[in-house]
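Secondary and tertiary structure notes
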Amino acid sequence: MSDGSVLQAVQIEKKYRRGKIPVPAVNGVDFRVERGEVVGIVGPSGSGKTTLLNLIGGLDRPDNGKVIVDGKDLAQFNDDQLADYRLKKIGFIFQFYNLMSSLTAIENVELPMNLAKVPKTEQERRAYELLQTVGLEGRVDHYPDQMSGGEQQRVAVARALANNAPVILGDEPTGDLDSKSAESLMELIKKLCTEKQVTFVLVTHDPIVVAQCNRAYSMRDGRIIHELSKEQLDAAKLSGSYDRTAMNGIYT
Ligand SMILES: Nc1ncnc2c1ncn2[C@@H]1O[C@H](COP(=O)(O)OP(=O)(O)OP(=O)(O)O)[C@@H](O)[C@H]1O
Ligand SMILES: [Mg+2]
């Protein structure tokens, strides 16, 4: 890709089937994300946000259209190559962290490197370095249930970065966090974008997240209906600071 985009969706479509009835979940989405950007996706329940993330993340394949990540068209990948893509090019963070409860923080971060067959000493070195980056060098040997939600989500971010993925996808990453932890997670995300040129695409209802996005798109009925204006991003900043639930028409 010559234009510097790390991620491009071209007219992607995905239908599910409910019995014999096709349910259009993503209905012709086009967008482009540059390296180092934080891009938000907002929209009501059922508008296709998670389906879109799954298509970008190679968890599912579109019926039509193209997803191009880091210069590669995902449609060209066979299933093994797609699994490798998910392991090395994409990191995922989820609302409920999805850490392995039987593994310590550092072991959780080592896991994707283990799957990618990175040598053990390199795994340990890099996992420790990543936990330092997310401010958790003091929690290396803690298990998930010994950490706060904010700390667990930071471990999840470190895990998402383990194999140097250029793109991290988040589905409601602050959905289970108090405002203070949500704000500090967003500070970390901004730091990773600036310092390491990592790119984030974050599905969210949270004005604290929207306020920190470089850009945000509003989805409805499987389509991107518009890009939020600067005024709407600024409004998220204001509403997030006093009431996280009040998006005041920012979605529409
Ligand atoms: N596996 C599935 N089978 C059938 N229909 C599905 C499936 N997954 C999602 N859908 C439908 O596709 C549409 C988009 O769903 P999606 O989960 O992408 O929405 P969403 O924007 O993430 O919603 P939410 O904010 O509630 O998480 C909805 O109509 C949903 O019912
Ligand atoms: Mg969803």
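Residues numbered from 1 in each chain as written. Chains lettered and ligands numbered in written order. Predicted model: local features only at pLDDT ≥ 70, side-chain atom pairs only at ≥ 80, totals over all residues. Heavy atoms only, no water.

1. Comments concerning helix 4 (residues 120-133)
The end-to-end C-alpha distance of helix 4, which contains 14 residues, comes to 20 Å, matching closely the 20 Å that a straight helix rising 1.5 Å per residue would cover. For helix 4, every residue scored as buried is listed here: Gln123, Arg126, Ala127, Leu130, Leu131 and Thr133. Projection of helix 4 onto a plane perpendicular to its axis shows the buried side chains occupying an angular sector of 150 degrees, all on one side. Turning to helix 4, the residues buried within the fold contact helix 3 (105-115), helix 5 (149-160) and helix 6 (179-196). Following helix 4 by one or two positions, Gly135 has its phi on the positive side, about 80 degrees. (Helix = DSSP H or I, 4+ residues; strand = E, 2+ residues; numbered from the N terminus. Expected span 1.5 Å × (residues − 1). Buried < 20%, exposed > 50% of the residue type's maximum accessible area, 1.4 Å probe, protein only. Arc of directions from axis to C-beta. Contact = heavy atoms within 4.5 Å.)

2. A closer look at the packing of aromatic side chains
Following the criterion strictly, the structure yields 3 aromatic pairs and no others. Between Phe77 and Tyr85, the ring centres sit 5.9 Å apart and the planes meet at 45 degrees, which makes this aromatic pair tilted. Judged on exposure class, the residue Phe77 and its partner Tyr85 are both buried. Centre to centre, the rings of Phe92 and Phe94 are 6.1 Å apart; their planes meet at 10 degrees, and the pair counts as stacked. (Phe/Tyr/Trp six-rings, centres within 6.5 Å; stacked < 30°, edge-to-face > 60°.)

3. Some details on the sheet that holds strand 7 (residues 167-171)
The strand order across the open sheet built from 6 strands is 6-7-8-3-9-10, with neighbouring strands paired in mixed fashion. Each of the sheet's edge strands pairs with one partner strand only, and the pair in question is strand 6 (90-94) and strand 10 (223-227). The average undirected angle you get between the axes of adjacent strands in this sheet is 20 degrees. Relative to strand 10, strand 9 (residues 215-220) runs antiparallel, the two being bridged by 4 bridges. Residue pairing in the sheet places Arg220 in a bridge with Arg223 of strand 10. Running over the sheet, helix 6 touches strand 3 (38-42) and strand 8 (199-203) and is turned about 150 degrees from strand 8. (Pairing = 2+ DSSP bridges. Axes fitted to C-alpha atoms, helices over the stretch in contact; angles between N-to-C directions.)

4. Details of helix 5
Taking 1.5 Å per residue, 12 residues should reach 16 Å; helix 5 reaches 16 Å between its end C-alpha atoms and fits that length. Every buried residue belonging to helix 5 is among Gly150, Glu151, Gln152, Gln153, Arg154, Val155, Ala156, Val157, Ala158, Arg159 and Ala160, and all of these are buried. At its buried positions, helix 5 is contacted by strand 6, helix 3, helix 4, strand 7 and helix 6.

5. A short note on the site of ligand 1
Contacts to ligand 1 come from 13 residues, most closely from Ser45, Gly46, Lys49, Thr50 and Thr51. Gly48 places a polar main-chain atom, nitrogen or oxygen, 3.0 Å from an oxygen atom of ligand 1. Between Thr51 and ligand 1, the recorded distance is 2.5 Å, taken from a side-chain N or O atom to an oxygen atom. Against a free-state accessible area of 640 Å², the protein chains account for coverage of 63% of ligand 1. It is helix 1 (residues 49-56) that contributes the most residues to the shell around ligand 1, 3 residues altogether. Looking at the shell around ligand 1, its residues break down into 4 nonpolar, 7 polar and 2 charged. (Near = heavy atom within 4 Å. Polar contact = N/O pair within 3.5 Å; in protein donor to acceptor, adjacent residues only side chain to side chain. Areas by Shrake-Rupley, 256 points an atom, 1.4 Å probe, with all protein chains shown as cover. Nonpolar A, V, L, I, M, F, W, Y, C, P; charged D, E, K, R; others polar.)

6. As for the packing of helix 3 against helix 4
Relative placement of two packed helices is described by the angle separating their axes and the distance separating the axes. Direction vectors running N to C along helix 3 and helix 4 enclose 125 degrees, while the axes themselves pass 9 Å from each other. With respect to each other, helix 3 and helix 4 are oriented oblique. Pair helix 3 / helix 4 crosses with right-handed handedness. Residues Ala105, Ile106, Val109, Glu110, Met113 and Asn114 of helix 3 form the contact with helix 4, whose own contacting residues are Lys120, Gln123, Glu124, Arg126, Ala127, Tyr128, Leu130 and Leu131. Tallied by class, the residues present in the contact of helix 3 with helix 4 amount to 8 nonpolar, 2 polar and 4 charged. (Parallel < 35°, antiparallel > 145°, perpendicular 65-115°, else oblique. Left-handed = near helix turned anticlockwise from the far one by under 90°.)

7. Structural notes on the pairing of strand 8
Most of strand 8 sits out of view: 5 of its 5 residues are buried. The alternating pattern of strand 8 places Thr199, Val201 and Val203 and Phe200 and Leu202 on opposite faces, both of which are buried. Direction of pairing for strand 3 relative to strand 8: parallel, over a ladder of 4 bridges. Within the sheet, the bridge partner assigned to Gly40 lies in strand 8 and is Leu202. Sheet topology places strand 7 next to strand 8; 5 bridges connect them, and they run parallel. In the strand pairing of strand 8, Leu169 is matched with Val201.

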